[in-house]
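The lines below spell out each chain.
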Amino acid sequence: LFLQEVGSIIGKKGESVKKMREESGARINISEGNCPERIITLAGPTTSIFKAFSMIIEKLEEDISTSMTNSTATSKPPVTIRLVVPASQCGSLIGKGGCKIKEIRESAGAQVQVAGDMLPNSTERAITIAGTPQSIIECVKQICVVMLEVSSRSSPPKGVTIPYRPKPSGSPVIFAGGQAYAVQGQHAIPQPDLTKLHQLAMQQSPFPIAHSNQGFQAGMDASAQTGSHELTIPNDLIGCIIGRQGAKINEIRQMSGAQIKIANPVEGSTDRQVTITGSHASISLAEYLINYWSVLDSDFGGWVLDTLGRA
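Residues numbered from 1 in each chain as written. Predicted model: local features only at pLDDT ≥ 70, side-chain atom pairs only at ≥ 80, totals over all residues. Heavy atoms only, no water.

- Taking an unreviewed UniProt entry as the reference, the protein chain is identified by name as Poly(rC) binding protein 2 belonging to Takifugu rubripes.

Here it is in structure tokens:
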């Protein structure tokens, strides 16, 4: 799960989180960094995990009660948390026509909302849960049951899971020696998740890639290393690429460093042209993300082969 305020969970000199670890027997890890959001990871036996989770929820409830002391609000707000789950498992959580998520809402008594778009620079989505501490705990238990059922099936999960890692702000991305780096001031910070995506893109790229150990910034038009590539995408899938209010296409641009232009619809055509411009590495990563996310978010898995055949 990830929260915006973890100070009370950590406690003075880490005393609160230390107590939770000792009493629950679970491993509790809180992500580092000066980010607005922090990831809390729980590991251990099932009973220990839920004991730790219950203690965290109770602490959040306590914080709300404390904040109400000097508040003029007439009603107490619900406890709200967000879980991070692989996007490939969200379909099972939602169910056909939303029947599964509706069932979980009604039986647990909590408000549950599965995000339509993936979290930045990842293949995970957020599930927002709000309600009383008991309803949230029951809701999370039911979600875990569904995810365990999905994991136990013989069919492997679709694609690779890139975990969500909150970042203070977006940074320019460069590729050098097959590695991805985020530029922060005068420093280049290694980005292992983007490197993994970059390597996958190189392996699955439908056009020749020029390998070089020379560093370059993605998307620099004045460089001799830039080029362009076109994709043909069915109109049925263009919404998956663009995302809500352009969120997904902007995310792909930021992750890859490539310029991406989607042509206007042509009357009588069932396809749209997408032009990707940038370095070879940027183009490959952008195309990989477009293909991967379209397949993940839709039932038209075969369109990738058709697209590559026409490209």
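Once you've had a look at it, read on.
Remarks on the overall build of the protein chain
Part 1: Along the protein chain, the regular secondary structure elements total eleven helices and 13 strands.
Part 2: Out of the 311 residues belonging to the protein chain, those deemed buried represent 44%.
Part 3: Of the roughly 16,500 Å² that the protein chain leaves accessible, carbon and sulfur atoms contribute 51%. (Helix = DSSP H or I, 4+ residues; strand = E, 2+ residues; numbered from the N terminus. Buried < 20%, exposed > 50% of the residue type's maximum accessible area, 1.4 Å probe, protein only. Areas by Shrake-Rupley, 256 points an atom, 1.4 Å probe, with all protein chains shown as cover.)

Some remarks on the layout of surface pockets
Part 1: Computed from the structure, the largest pocket encloses a volume of approximately 660 Å³.
Part 2: For the largest pocket, the lining is made up of 25 residues, of which Leu 42, Ile 49, Leu 83, Val 84 and Cys 144 are closest to its centre.
Part 3: Of all the elements in the fold, those that place two or more residues in the lining of the largest pocket are strand S3 (38-43), helix H3 (46-68), strand S4 (79-86) and helix H6 (133-152).
Part 4: Sorting elements by how many residues they give to the lining of the largest pocket places H6 first, with eight residues.
Part 5: A per-class count over the lining of the largest pocket returns 18 nonpolar, five polar and two charged. (1 Å grid on protein atoms, 1.4 Å probe; cavity = no way out; pocket = protein on both sides within 12 Å on 5 of 7 lines; lining within 4 Å. Points joined across faces, edges and corners; volume = space filled by probe spheres on them. Nonpolar A, V, L, I, M, F, W, Y, C, P; charged D, E, K, R; others polar.)

Overview of the packing of aromatic side chains
Part 1: As enumerated under the stated definition, the model contains zero aromatic pairs in all.
Part 2: One Lys or Arg, Lys 141, reaches over the ring of Phe 50 and ends 5.6 Å from the middle of that ring. (Phe/Tyr/Trp six-rings, centres within 6.5 Å; stacked < 30°, edge-to-face > 60°. Lys NZ or Arg CZ within 6 Å of the ring centre and 35° of its normal.)

Focus on the environment of Met 20
Part 1: Relative to the elements of secondary structure, Met 20 occurs in helix H2 (residues 15-24).
Part 2: Discounting residues that sit within four places of it in the chain, Met 20 has contacts with Ile 9, Gly 25, Ile 28, Met 55, Ile 56 and Lys 59. (Contact = heavy atoms within 4.5 Å.)

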